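Spelled out, the chains give:
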Amino acid sequence: RGYTQVRYNQLGATNERLVNLQGDRSIGKDGGFLIRRARVILYGDVHERVSVYLQPDFASVVSDQYHSLVLRDWYADIFLDKKKEFRFRVGQSKVPYGFENMQSSSNRAPLDRSDALNSAVKDERDLGVFFYWAPDRIRKRFKSLVDQGLKGSGDYGVVALGAYNGQTANQKERNSTPHVVGRVTWPFQIGRQIVELGAGGYAGKFVVKTAGDVEAPGEMRDVRAHASFILYPQPIGLQAEYNIGRGPELVDGRVVERPLHGGYAMAMVKLGDFLPYVRGVLYEGGRKFETNAPRYSVRELEMGLEWQPISALELVAAYVFAERTHPEAPYPQESGRLVRLQAQFNY
Amino acid sequence: RGYTQVRYNQLGATNERLVNLQGDRSIGKDGGFLIRRARVILYGDVHERVSVYLQPDFASVVSDQYHSLVLRDWYADIFLDKKKEFRFRVGQSKVPYGFENMQSSSNRAPLDRSDALNSAVKDERDLGVFFYWAPDRIRKRFKSLVDQGLKGSGDYGVVALGAYNGQTANQKERNSTPHVVGRVTWPFQIGRQIVELGAGGYAGKFVVKTAGDVEAPGEMRDVRAHASFILYPQPIGLQAEYNIGRGPELVDGRVVERPLHGGYAMAMVKLGDFLPYVRGVLYEGGRKFETNAPRYSVRELEMGLEWQPISALELVAAYVFAERTHPEAPYPQESGRLVRLQAQFNY
Amino acid sequence: RGYTQVRYNQLGATNERLVNLQGDRSIGKDGGFLIRRARVILYGDVHERVSVYLQPDFASVVSDQYHSLVLRDWYADIFLDKKKEFRFRVGQSKVPYGFENMQSSSNRAPLDRSDALNSAVKDERDLGVFFYWAPDRIRKRFKSLVDQGLKGSGDYGVVALGAYNGQTANQKERNSTPHVVGRVTWPFQIGRQIVELGAGGYAGKFVVKTAGDVEAPGEMRDVRAHASFILYPQPIGLQAEYNIGRGPELVDGRVVERPLHGGYAMAMVKLGDFLPYVRGVLYEGGRKFETNAPRYSVRELEMGLEWQPISALELVAAYVFAERTHPEAPYPQESGRLVRLQAQFNY
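Overview of the structure. Remember, predicted model here, so these are calculated numbers, not experimental data. Within each chain, residue numbers correspond to sequence positions counted from 1 in written order. Chain A is the first chain written and ligand 1 is the first ligand written, with later ones labelled in order. Restriction of local features to residues with pLDDT of at least 70 applies here, the model being predicted, together with a cutoff of 80 or more for giving and counting side-chain atom pairs; totals for whole chains, interfaces and linings are based on all residues. Hydrogens and water molecules were not included; the side-chain quantities draw on all heavy atoms of the structure.

Time to look at the overall build of chain A. Tallying secondary structure elements over chain A gives two helices and 17 strands in all. The quantity called the radius of gyration is restricted to C-alpha atoms. Its globule counterpart is 2.2 Å times the number of residues to the power 0.38. Relative to a compact globule of 347 residues, whose C-alpha radius of gyration would be 20 Å, chain A shows 19 Å and is just as compact. Dimensions along the principal axes, computed over C-alpha positions, put chain A at roughly 55 × 45 × 40 Å. Burial here depends on accessible area, computed with a 1.4 Å probe over protein chains only, as a share of the maximum for the residue type. Under 20% is buried, over 50% is exposed, and the range in between is partly exposed. Of all 347 residues assigned to chain A, the portion counted as buried reaches 61%. Pairs at least 24 residues apart make up 59% of the contacts formed inside chain A by residues separated by at least 6 positions. Only the protein chains shown count as cover for residues, with accessible areas throughout obtained via the Shrake-Rupley method and a probe of 1.4 Å. Roughly 12500 Å² of accessible area belongs to chain A as shown, and the carbon and sulfur atoms make up 58% of that amount. Under the scheme used here, helices are H or I runs from DSSP no shorter than 4 residues and strands are E runs no shorter than 2 residues, and both carry numbers assigned from the N terminus. Residue contacts are counted whenever heavy atoms from the two residues lie within 4.5 Å of one another.

Copies overlap after least-squares fitting; the atoms used are the C-alpha atoms of residues with pLDDT of at least 70 in both. Under the fitted operation, chain A is carried onto chain B by 0.0 Å of movement along the axis and a turn of 120°, and the coordinates agree to an RMSD of 0.0 Å. Between the two chains, the operation in question is that of a three-fold axis. The share of interface residues of chain A whose copies in chain B are also at the interface is only 15%, consistent with the copies meeting through different surfaces.

Note on aromatic contacts: the rings of Phe and Tyr and the six-membered ring of Trp form a pair at centre separations within 6.5 Å, being stacked when their planes are under 30 degrees apart, edge-to-face when over 60 apart, and tilted otherwise. Within this structure, the stated rule accounts for 39 aromatic pairs over all chains. Taken together, a centroid distance of 5.3 Å and an interplanar angle of 85° make the contact between tyrosine 319 of chain B and phenylalanine 321 of chain B edge-to-face. Phenylalanine 321 of chain B gets classed as partly exposed once you look at its relative accessible area, which sits at 35%. Each member of the aromatic cluster is reached from another via a ring pair, and the members are Phe86, Phe88, Phe131 and Trp133 of chain A. Cation placement over rings: the criterion is NZ of Lys or CZ of Arg within 6 Å of the ring centroid and within 35° of the ring normal. Across from the ring centre of tyrosine 66 of chain A, 4.9 Å away, lies the NZ or CZ of arginine 25 of chain A, which sits over that ring.

This part covers the side chain of glutamate 249 of chain B. Residues and elements named next belong to chain B. Here glutamate 249 lies in strand 12 (residues 236–251). For glutamate 249, a relative accessible area of 3% puts it in the buried group. Counted as a polar contact is a pair of N or O atoms within 3.5 Å, where, for protein atoms, one must be capable of donating a hydrogen and the other of accepting one, and residues adjacent in sequence contribute only when both atoms are in side chains. For glutamate 249, the side chain forms a polar contact with the side chain of arginine 295, separated by 3.1 Å. Once residues within four sequence positions are removed from consideration, glutamate 249 is found in contact with Arg254, Val255, Val256, Arg258, Pro259, Gly285, Gly286, Ala293 and Arg295.

Quick look at the environment of threonine 185 of chain B now. Residue and element names in this part refer to chain B. With respect to the helices, strands and loops of the structure, threonine 185 is situated in strand 9 (residues 179–190). Judged by its relative accessible area of 5%, threonine 185 falls in the buried class. Spatially, the C-alpha atoms of threonine 185 and glycine 200 are 8.5 Å apart, while their sequence positions differ by 15 residues. If sequence neighbours within four positions are ignored, threonine 185 has contacts with Phe142, Gly157, Val158, Glu196, Leu197 and Gly198.

Another point: the interface of chain A and chain C. Each side of the interface is counted separately: chain A has 33 residues, and chain C has 26 residues. Buried area: the accessible surface (1.4 Å probe) lost by two parts on joining, summed over both. Buried surface at the junction of chain A and chain C, both sides included, amounts to about 2400 Å², of which 71% is carbon and sulfur. A carboxyl oxygen of Asp or Glu within 4 Å of a side-chain nitrogen of Lys or Arg is what we treat as a salt bridge. Applying the counting rule to chain A against chain C returns zero salt bridges. The tally of links between chain A and chain C comes to 10 residue pairs in polar contact (both at pLDDT 80 or more). Of all elements in the fold, only strand 3 (42–47), strand 4 (50–62), strand 5 (65–79), strand 6 (86–94), strand 7 (125–133) and strand 8 (159–164) of chain A reach the threshold of two or more residues within the side of chain A that touches chain C.

This part covers the interface of chain A and chain B. Tallying the contact residues gives 26 residues for chain A and 33 residues for chain B. Across the interface of chain A and chain B, roughly 2400 Å² is buried in total on both sides, 71% from carbon and sulfur atoms. Of all residues in chain A, the largest losses of buried area upon contact with chain B belong to Asp30, Phe33 and His67 of chain A, amounting jointly to 27% of the total for that side. Our enumeration of links across chain A and chain B arrives at zero salt bridges. Taken together, chain A and chain B are joined by 10 residue pairs in polar contact (both at pLDDT 80 or more). Elements with a contribution of two residues or more to the side of chain A that touches chain B: strand 1 (2–8), strand 2 (33–40), strand 4, strand 5 and strand 17 (333–346) of chain A. Residues that form the side of chain A that touches chain B fall into these classes: 15 nonpolar, eight polar and three charged. Polar here means any residue outside two lists: the nonpolar Ala, Val, Leu, Ile, Met, Phe, Trp, Tyr, Cys and Pro, and the charged Asp, Glu, Lys and Arg; Gly therefore counts as polar.

A few words now on the pattern of salt bridges. Residue and element names in this part refer to chain C. Counting across every chain of the model gives 108 salt bridges over all chains. Notably, a salt bridge pairs aspartate 57 with arginine 39, separated by 2.8 Å at the nearest N-O pair. Here arginine 39 lies in strand 2 (residues 33–40) and aspartate 57 lies in strand 4 (residues 50–62), a separation of 18 residues in the sequence. When its relative accessible area of 2% is taken as the criterion, aspartate 57 is described as buried. Assessed through its relative accessible area of 6%, arginine 39 is described here as buried.

Right, let's get into helix 2 (residues 136–147) of chain B. Residue and element names in this part refer to chain B. Here the expected span of a helix is defined as 1.5 Å times the quantity of residues minus one. Spanning 12 residues, helix 2 covers 16 Å between terminal C-alpha atoms, matching the ideal 16 Å at 1.5 Å per step. Residues of helix 2 that are buried: Ile138, Arg141, Phe142 and Leu145. Across the axial projection of helix 2, the buried residues extend over an arc of 100°, all falling on one side. Exposed residues pointing more than 90 degrees away from the buried face of helix 2 are listed as Arg137, Lys140, Lys143 and Asp147. Along its buried surface, helix 2 packs onto strand 9 and strand 10 (193–206). Trailing helix 2 by a residue or two, glycine 149 shows a phi angle of about 75°, which is positive. Arc, as used here, means the arc of the directions from the helix axis to the C-beta atoms.

Of the two site types, the cavity is a set of points on a 1 Å grid over the protein atoms alone where a 1.4 Å probe fits but cannot get out, and the pocket is an open set with protein on both sides within 12 Å along at least five of seven lines, each lined by residues with an atom within 4 Å of a point. Grid points are joined across faces, edges and corners, and a volume is the space filled by probe spheres set on the points. As enumerated under the stated definition, the model contains 16 cavities of 30 Å³ or more in all. By volume, the largest cavity amounts to about 90 Å³. As for the largest cavity, its lining consists of 17 residues, and the residues nearest its centre are Phe33 of chain B together with Asn165, Gln171, Lys172 and Glu173 of chain C. Going through the elements one at a time, strand 2 (33–40) and strand 5 (65–79) of chain B together with strand 7 (125–133) of chain C are the ones with two or more residues in the lining of the largest cavity. Class assignment for the residues of the lining of the largest cavity results in five nonpolar, eight polar and four charged.

Here is the structure:
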């Protein structure tokens, strides 16, 4: 099982210096065709109390080599009870922070996650131990929200707690203290509609990579809190998340602790095989996982149409207005517009 | 499904400076045993109109690390009609240029592809969108030419058109213009013999990597045309291809556009489990995908015997006379002879 | 099929400079959670005379990128007789040297292999051709020693001979001469107990990587011999191995040929799902596969408890006293104690 996303972002692009390395490295100059994600998932119950989920990505970049393999998920769930309401998750897995981060990219309507919440945990994942609890009927509801094409997040518990390295996925840990995270969320059934409300936060010490003359403390405070609102598309969907926090940010040649905030709001309509959507994103703050943790100021509006004529194939076309900080010193602001195209294969 | 090739090229080698990095990096000094290809293929129809084909190689070199994973094929076929005569192929796949490039290495008799046509598309593949058409009865003929052990190419259409990045497989695109390619081929049934005639070409702009004091334009013309002739071995087979073109070549410290040409001719006989063959290769021109695009002058004669006692195991022994340009400045010509051995496992 | 090991080595660690890069890179400073092994194995008989065994590791480090893929095993067995007593193994596989090296890490009680024998063949494997012979009834005994949870090695023959590159797994060969290896071992049934005695050795020329001002000959002698004793745990098990040899070692800024020696002794008791064990390790000699081949002086005592409540899940806690050479110049001795924790998932 798995999925693949092939993209082309060069049509109608007005500014080749407008790039988004965190989201899609084929936006901007010399983009061309890109395999954005190439996933094959092995999973299953190996015992009534143990299941495994192994998901490598085959289109990662390792030291300039395109299309090499890097892990995404690689974990086991150990269930504490027969109904599987309580479990520990051990290995590399998604850090329970926010809704959009939890949702699979194969289900998300916009092409990339919002900077606002995704900058908290690049690649959404880290290595550690997580505890999840969800009552059986809510587990079923989480599952049905995905199965019915309502763009659910899957089951990351209604209560989640965890400890993890904190340097984001597939990175060496760089200090001796783990990050800790907590989250609560609940999908309320209100008549025929389902509304999910969630909130949570994490705290830890992050070690920023520096280059050139930039100085940074050995480790720095990295804390955030978020709130999420989701009205699932039956047929009109609304989705909004916001987070605030403090973390590393480059200021005048030094990385210091600074406040950050940002979020997004999205509306969509489920019309048979079609799903038009519009999403606005705002982010103001550092990107801790980039060298020197530069400050990003992001405003992006994406209007798109997802078409899934058959379950195996999904096509998305979107038009994007964006203003983003350029990822190289002196980090100027760049703005532009472009057409984005994606073909997704599910298997 | 997949196959693995293990090689040893040190017996009787007369010149340790005779190497062939494009073909087999264990030829020459410090070669030893080599896993040349380690392939596992996942493929299948995920819908009556969509199939996927995912083929990583597990014995690639990533930044000096041997035996890491890099993609070969990763694509989906989207069929436009029920008979599957018309289709789009999206993702990374073989660029339809030549016959030997299309043929699987698990079926080819000589150990490496000829420099002449393979220098057009290193690793035979690129990322883009391709259109293929082949009538149903020819699709069946393509398939039967492989299934009967006649060393066919598989079905890459009788008409093929495509647009792709152009920097060859698993590389970042480096300009804003795609390459375009076209090819026609037809396997004629003439009595009990099958003769396939094909021709095609591609055009695009290629960006050469440079090092040292070498200068190169930002992008350079890269065009080629080829013709192919194949008499399938029932029991005597003949195969010849030739291509001409223009592309980047290092001349006196500058990379400039220069003509290139080359081809090969091969004869083989299918004698039960055995298949003796002899192939001569000629190439005169630049290798665009190497740093500085040095000029190669290649003459190679390979006489070999393939033995496939059971479908799971194929052994090849060959004796090679070769004259090749050495891949390091000042790029001298080296000539020599060697014994080549290969064990191939099919699974 | 496969297994994954997740570890945490930071509890009670008394010396952050005590590290063991060959065994577990999360011991010492900035360790955190670690996926030590992430294995998926594809294997099967592709013919009555040919079987394949393909085992990549998904948690390897490739050029600073964590959680990338590098091969462990990738070989085919070609059986010469119907009873499968005689076979050639072609590809990358374990070099038949010692008992602990042959035993799967999923079966070994201590968390890492002993330096003493593992320093002979880092990652236990190399690329080449091996010959194995074992009578049918001993093949069955090897198999049953694994299946019954008695921590057997699997079947690497009672007689083993091989030729291989010699630069250890996943490395480029660096000279023109292969290493050769031979081993004999026999599991004697004595009443209800099984005692295995083994011995063997290898010889070859190794090429040491150097850095800085260190000088080394082009290639150096690398020879070792070992003896092994195993009393399988029914319920009390004893295990001891020792090896002596000569190989590269850094002395006063030059890499020279020097003697080396070391071994380990272990006792364990199989008590239902629990298996307490204690192992002492000694090694005095160079580590040829590290840059400059520094001399290591290792003394380690590990006391641990393995608990396998269900076949899918195995938990290990151990307390370690260790004195080890630090892997960076000037290579001081470091000593310390730490708690080691591991969760292993089998699938």
